[in-house]
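Structural description and commentary
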Amino acid sequence: MVQKTSKMIKKKKKHVPNETQAPNTWPNLPHQLIAQIAIQPNLMQNITSFGCVIKTWRSTSWQCITNGKYPKIPQLVEIIMARKKQRGEKNQENARSHTIAIPFHDEYPYPYYYKRRKSNKYNFCSHPMYFKGHSHGHILVIPAKETSRLLPEWNLDLSFRTCTLSSSPKGIDGSSAMVITGIDSPAFAFSGWSKSITERAFWSFQDCCVEEPYNPGENMRFTNAIGFQGKLYALTLQGSIVMIEEDVDSCFRIAVVGSRRSVPIGVSRQFREYLVESDGEILLVFLVSRKCIDVVDDVEVFRLDIDRILWVKIENIGDMALFLEDECCMWVDARKVGYKKNCVYFAYHRVDKWWVFDMGSGKISLAFGQDYVMRTLED
């Protein structure tokens, strides 16, 4: 009788429809920082990246297995974080459903907020938005109702990784939008930034025919990108850095390939990489897991030497504080917002617990008054 009841319960549960998952709130930053953004909306200009890329080694990173007289370069593979499919999504890798969760105190220039009649208060729209990225102070989304600044319509059946603008749309020369798909063909999609819903814009798709220096015989496959001073900089799966620019025929080409691989220094089992524009510079930040993939043991920060397209490791970020999480990156002037300078704050797996890496002491601890848990890099 017990077994029969158990089977009936299981059968009943099987036919219960799954509840629709609510959209994620964005940005997933510390509550203290979101409260300050609500008072100072201009801080949104400091959000310069969208998410991270998680990589691990196919073989141990400190070994080069010889194959004849040529060494075999250790290969990188990407770890895709699982995410439940949202209503209306044809492909769960193609779109992310979000609502913005910042109750701004003053008028905000983005079109995703509406003003209540006979009131000076502003609320955010409740409809989901499919994020493509965040660049130069602008949220990039798949076209939706009640939006006035649109990118061209995107086919949700086609993969995309992220989108970035080459410069601010307010620039004199305008800006270009680039989507990296993360697949072989098409590798990129380019378009002008549409400032009005009445403007007709379209995507121009291009393949990449440049060989990956760290995976001979294969073309580059891109995982992350950022726009800076009218040009576009992209990272490949294997850690190459390239500079992409527009030529005289309004086509885009890879103009320069960096000479150094974009990977952490020393042995690592897994790492998360973030591209961030911070106070006029491009930074590459690694959250490094050396001993266990579930623990961040170290944080490494590199600055891009624009002239040489070369990453230079830095040990100090001055008065700045960086905030990194799986879907948002931001920098702030620590003196103006009350955080500790020369520090990297980070969270992963979209948890409420934030950690802080002090670049001066080299220590990682729980942030925001939870310093009773301390971990040093020597442990």
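Counting from 1, residues in each chain are numbered in the order their sequence is written. Note on the predicted model: pLDDT of at least 70 is required for a residue's local features to be given, and 80 or more for side-chain atom pairs to be given and counted; whole-chain, interface and lining totals, by contrast, use all residues. Hydrogens and waters are ignored; side-chain quantities use all the structure's heavy atoms.

- If you check an unreviewed UniProt entry, the protein chain appears there as KIB1-4 beta-propeller domain-containing protein from Erythranthe guttata.

A short note on the pairing of strand 20 (residues 270-278)
- Counted residue by residue, strand 20 has nine buried out of nine residues, so it is predominantly covered.
- Accessibility here uses a 1.4 Å probe with only protein chains present; expressed as a share of the type maximum, an area under 20% marks a residue as buried, one over 50% as exposed, and anything in between as partly exposed. Secondary structure elements are defined from DSSP: runs of H or I of at least 4 residues count as helices, runs of E of at least 2 residues count as strands, and each element is numbered from the N terminus. Going residue by residue along strand 20, you find Gln270, Arg272, Tyr274, Val276 and Ser278 tucked away on one face and Phe271, Glu273, Leu275 and Glu277 tucked away on the opposite face as well.
- One bridge is not enough; two strands pair if DSSP finds at least two bridges between them. With four bridges connecting them, strand 3 (residues 53-57) and strand 20 associate as antiparallel partners. Note that in strand 20 the partner of valine 53 across the bridge is glutamate 273.
- By the bridge criterion, nine bridges tie strand 20 to strand 21 (residues 281-289) in an arrangement that is antiparallel. Across the sheet, serine 278 pairs through a bridge with glutamate 281, a residue of strand 21.

Some words on the sheet that holds strand 6 (residues 76-78)
- What the six strands build is an open sheet, ordered 6-3-20-21-22-23; its pairing is antiparallel. Two strands in the sheet have a free side with no partner beyond their single neighbour: strand 6 and strand 23 (310-314). This sheet shows a mean twist of 35 degrees between the axes of neighbouring strands, independent of strand direction.
- Of the pairings in the sheet, the one linking strand 3 to strand 6 comprises three bridges and is antiparallel in character. If you follow lysine 55 over to strand 6, its bridge partner there is glutamate 78. Axes here refer to lines fitted to C-alpha atoms; in helices the fit is confined to the stretch in contact. Angles between the N-to-C directions go from 0 to 180 degrees.

Let's talk about the environment of serine 167
- Relative to the elements of secondary structure, serine 167 occurs in the loop between strand 12 (162-165) and strand 13 (176-180).
- Taking relative accessible area as the criterion, serine 167 reaches 15% and is therefore assigned buried.
- Considering only alpha carbons, one finds serine 167 and isoleucine 226, 59 residues apart in sequence, at a separation of 9.6 Å.
- Residues are treated as being in contact if the distance between any of their heavy atoms lies within 4.5 Å. Among all residues touching serine 167, those that are not within four sequence positions of it are His136, Gly174, Ser175 and Gly230.

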